[in-house]
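Each chain, written out:
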Amino acid sequence: MTLALDRTASPASARPRAVVIWLLSAAAMVFAMAVIGAITRLTESGLSIVEWKPVAQMLPPLSAAEWQRVFELYRESPQYRLVNAGMTLADFQHIFFWEWLHRLWGHLIGIAYAVPFVWFVVRRAIPQGWTRPILGLFGLGLLQGLVGAFMVASGLVDRPSVSHYRLAMHLVLALAIFVATIWIARGLSSPRPAATPPSMRLRAHAIGAFALLAVTIVWGAFTAGLRAGLVYDTWPLMGGSLVPSEWLAFAPGWINFVENHATVQFTHRLLAYCTSLVVILLAVRALRLAPPIKRWGLIAAHLVVLQVGLGIATVLSHVPVWLGALHQANAILLLGSLTMLLFELGHLRRAA
């Protein structure tokens, strides 16, 4: 998929306002989906629906008999037998709600994307060269549904939780869709600026900050999937030292960084510190450039400071649901701000 500005678009279609609003609305829905997904994970609701019936499950159970049927299916799952044995139907309905809402919202995103897309194609409202990238986003959405099913399947056989690798894959794909959507919307909405292009070093700095944040988010997903955030609820020390004593308890050594709960949390902390420093330095360098770059640099700097504070508060308070969800939401906003900063930097270079 190409996300660069299309140079063949006609002047009349250079600012397709309705298409841009539609894409930004879709991005907002993806953002909400990621937050709902965080709540679903933090409430351990993701394995409450053991069947995969995409269309039929848009409605929740509507009778006592149907509620009892889906509850009986859940009682056969590893999560119920190993974690939630004795759970009442009322408790099950609570966790069922979040997983049902998560799946329903995914369906609504698909509808809210597909129907306007067909309308815009029929009306020829999409500028030349942009139809394929926009259609590609819909393909990524379909793939995301399959990845979600693949993730859930990992917790329905012999373990009471989903694979943290598949969880990270599911989150990364969601963020890729979010980033690609706002990138395309931004490309459609703005004419070329007349300004001095930024240096290649600054652009490399921005790309490095974006990549470092992406890696930090991946380790955040590992931390969440393994529930590694509960291992140490102190800061800045972990067990009385900066480096946890069991950080190399597994062999071979590299597997500690993706399997050892203490090391995964430590790695996430270390990556967060590095990301914060790199983003703040980037914002300082961006102060000398054009207003859009300066603005997004400052937004990113404020968000990264807030993100560190939210991370510390989440750990110290033993990962409450609302705070964990807010931590993930702010991470997505930070990723979005760096995406816009990267776009503006590239936009200036293309203009030159």
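Anything mentioned here points back to the structure above.
What counts, and where the lines are drawn
Residues numbered from 1 in each chain as written. Predicted model: local features only at pLDDT ≥ 70, side-chain atom pairs only at ≥ 80, totals over all residues. Heavy atoms only, no water. Phe/Tyr/Trp six-rings, centres within 6.5 Å; stacked < 30°, edge-to-face > 60°. Helix = DSSP H or I, 4+ residues; strand = E, 2+ residues; numbered from the N terminus. Buried < 20%, exposed > 50% of the residue type's maximum accessible area, 1.4 Å probe, protein only. Lys NZ or Arg CZ within 6 Å of the ring centre and 35° of its normal. Lys, Arg positive; Asp, Glu negative; His and termini not counted. Salt bridge = Lys/Arg side-chain N within 4 Å of Asp/Glu carboxyl O. Axes fitted to C-alpha atoms, helices over the stretch in contact; angles between N-to-C directions. Parallel < 35°, antiparallel > 145°, perpendicular 65-115°, else oblique. Contact = heavy atoms within 4.5 Å. Nonpolar A, V, L, I, M, F, W, Y, C, P; charged D, E, K, R; others polar. Core = buried A, V, L, I, M, F, W, Y, C linked by side-chain atoms within 4.5 Å. 1 Å grid on protein atoms, 1.4 Å probe; cavity = no way out; pocket = protein on both sides within 12 Å on 5 of 7 lines; lining within 4 Å. Points joined across faces, edges and corners; volume = space filled by probe spheres on them.

1. Regarding the packing of aromatic side chains
- Using the criterion set out here, one finds 18 aromatic pairs in the structure.
- Their ring planes at 70° and their centres at 4.9 Å tell us that Trp67 and Phe96 sit as a pair that is edge-to-face. Of this pair, Trp67 sits in helix H2 (residues 64-75) while Phe96 sits in helix H4 (residues 89-123); the two residues are 29 residues apart in sequence, bridging distant segments of the chain. By the burial criterion, Trp67 is buried, and Phe96 matches it.
- Consider the rings of Tyr74 and Tyr80, whose centres lie 5.9 Å apart with planes at 75°: the pair is edge-to-face. For the pair Tyr74 and Tyr80, a shared accessibility class is recorded, and that class is buried.
- An aromatic cluster of at least three residues, connected via ring pairs, comprises Trp67, Phe71, Tyr74, Tyr80, Phe92 and Phe96.
- Positioned over the ring face of Phe150 is Arg166, at 3.7 Å from the centre of the ring.

2. Description of the side chain of Arg269
- On the secondary structure map, Arg269 appears in helix H9 (residues 261-286).
- Comment: no salt bridge for buried Arg269; closest opposite-charge side chain is Asp233, at 7.5 Å.

3. Here we look at the packing of H2 against H4
- Where H2 contacts H4, the two axes come as close as 11 Å, and the packing angle between them is 85°. Taken together, the axis directions place H2 and H4 in an arrangement best described as roughly perpendicular. Contacts between H2 and H4 pair Trp67, Gln68, Val70, Phe71 and Tyr74 from the former with Leu89, Phe92, Gln93, Ile95 and Phe96 from the latter.
- Taken together, the residues that form the contact of H2 with H4 break down as eight nonpolar, two polar and no charged.

4. Quick word on the environment of Leu282
- Examined against the element boundaries, Leu282 turns out to sit in helix H9.
- Of the residues examined, Leu282 reaches a relative accessible area of 1% and is grouped as buried.
- As for Leu282 and Ala300, which are separated by 18 residues in sequence, their C-alpha atoms are 9.0 Å apart.
- Apart from the residues within four sequence positions on either side, Leu282 is in contact with Leu202, His205, Ala206, Ala209, Leu338 and Leu341.

5. A closer look at the nonpolar core
- Phe178, Trp219, Phe222, Leu282 and Leu338 are the most contacted members of the largest nonpolar core, which totals 47 residues.
- For this core, the secondary-structure elements that each account for two or more residues are helix H1 (17-42), helix H6 (164-189), helix H7 (200-225), H9, helix H10 (291-316) and helix H11 (321-351).
- Per element, the largest residue contribution to this core is 10 residues, and it comes from H11.
- Ignoring sequence-local partners within four residues, the contact set of Phe222 consists of His164, Tyr165, Ala168, Val258 and Val264.
- Ala38, Tyr74, Phe92 and Leu104 belong to the second largest nonpolar core, which has 20 residues in total.

6. Looking at the layout of surface pockets
- Computed from the structure, the second largest pocket encloses a volume of approximately 290 Å³.
- Considering the residues around the second largest pocket, the lining is formed by 15 residues, among which Ala176, Val179, Phe210, Ala214 and Leu335 are closest to the centre.
- Of all the elements in the fold, those that place two or more residues in the lining of the second largest pocket are H6, H7 and H11.
- For the lining of the second largest pocket, the leading source of residues is H7, giving six residues.
- Residue classes in the lining of the second largest pocket are distributed as 13 nonpolar, one polar and one charged.

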